[in-house]
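As a plain string of letters, each chain reads:
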Amino acid sequence: MKTLLGTIGSAACIPALALATSTTQAQNMLVDPGFELNLTTPNPITPATVGQGWALFGGVYSTVKPESGTHSLQIYGNNGWSGVGAYQVIGGVSGGQQYTLTADFNTDGVGGQFLPNPAILQINYLNSLFASIGTVENPGNGYGGLQTGTPPFDNTGNGPWSVGTITATAPAGAAYIVTYLMDVSGPASDLFFDNASLTVVPEPSTLALLGLGLASAMIWRRRQ
């Protein structure tokens, strides 16, 4: 009986461990998330150019201040308080599924700026006809995004990087997700984004299976 239970336990924990690996190492859905490939898609993005990289609307790929690698997304200050930056459209979205957009951000500290630029992360959803059906709204922010707060400022541009993140549930009928990285400001300092990611939030049932798999693995290990 002990041998049989041990065999069952070992068989059960093999797919469980595979599930644990795939869950803990969530796949990044973005193309060129670190801006290293400089893949630019014409703006506006169309169904034919979905998943081909970033469309720039005021942002540029820059070597001035990367967090890692050699490039980052640089957004120039003094943009007249209009939304500028980059966005990307990804297909294969499922209604009811949660998605998390994350990006690191910083500034160059030029001009002795004491009123930091707001870093904006935004998620939109499109249906199969490429029409907007939902935006993550932030009260008081007319751009429909999440104002992450103010980047660290030491007026030299050598301050630490901050992390902005936003999670949103896809509405019914969603087929595409639109991810924005933006700066909305008038100050002189430039804003930089790097190491962006878009991941699927594991569903509760998946987490429950993961917990069961880990428990099976522990039981099997004790029986060895």
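Described in the following lines is the structure provided in the data block. As the structure is a computational prediction, the values presented were derived from the model and not from experiment. (Residues numbered from 1 in each chain as written. Predicted model: local features only at pLDDT ≥ 70, side-chain atom pairs only at ≥ 80, totals over all residues. Heavy atoms only, no water.)

## Re the overall build of the protein chain
Scanning the protein chain from N- to C-terminus turns up 2 helices and 11 strands. What you see in the protein chain, going N to C, is helices and strands ordered as α-β-β-β-β-β-β-β-β-β-β-β-α. Expressed as a percentage of its 224 residues, the buried residues of the protein chain come to 45%. Residue pairs at least 24 apart in sequence account for 80% of intrachain contacts in the protein chain once pairs closer than 6 positions are excluded. (Helix = DSSP H or I, 4+ residues; strand = E, 2+ residues; numbered from the N terminus. Buried < 20%, exposed > 50% of the residue type's maximum accessible area, 1.4 Å probe, protein only. Contact = heavy atoms within 4.5 Å.)

## Quick notes on the sheet that holds strand 11 (residues 191–200)
Read from one edge to the other, the open sheet built from 5 strands follows the order 2-3-11-5-9, with strand pairing classed as antiparallel. Lying at the two open borders of the sheet, with one neighbouring strand each, are strand 2 (59–62) and strand 9 (162–169). Neighbour to neighbour, the strand axes of the sheet diverge by 35° on average, direction disregarded. Where strand 5 (residues 98–107) meets strand 9, 8 bridges bridge the pair, whose relative direction is antiparallel. Of the residues in strand 9, the one forming a bridge with A103 is G164. (Pairing = 2+ DSSP bridges. Axes fitted to C-alpha atoms, helices over the stretch in contact; angles between N-to-C directions.)

## Some points on the environment of L101
You can see L101 is positioned in strand 5. With 95 residues separating them in the primary sequence, L101 and A196 have C-alpha atoms 7.4 Å apart. The contacts of L101, once residues within four sequence positions are left out, are L30, L121, Q122, I123, G164, T165, I166, T179, Y180, L181, S197 and L198.

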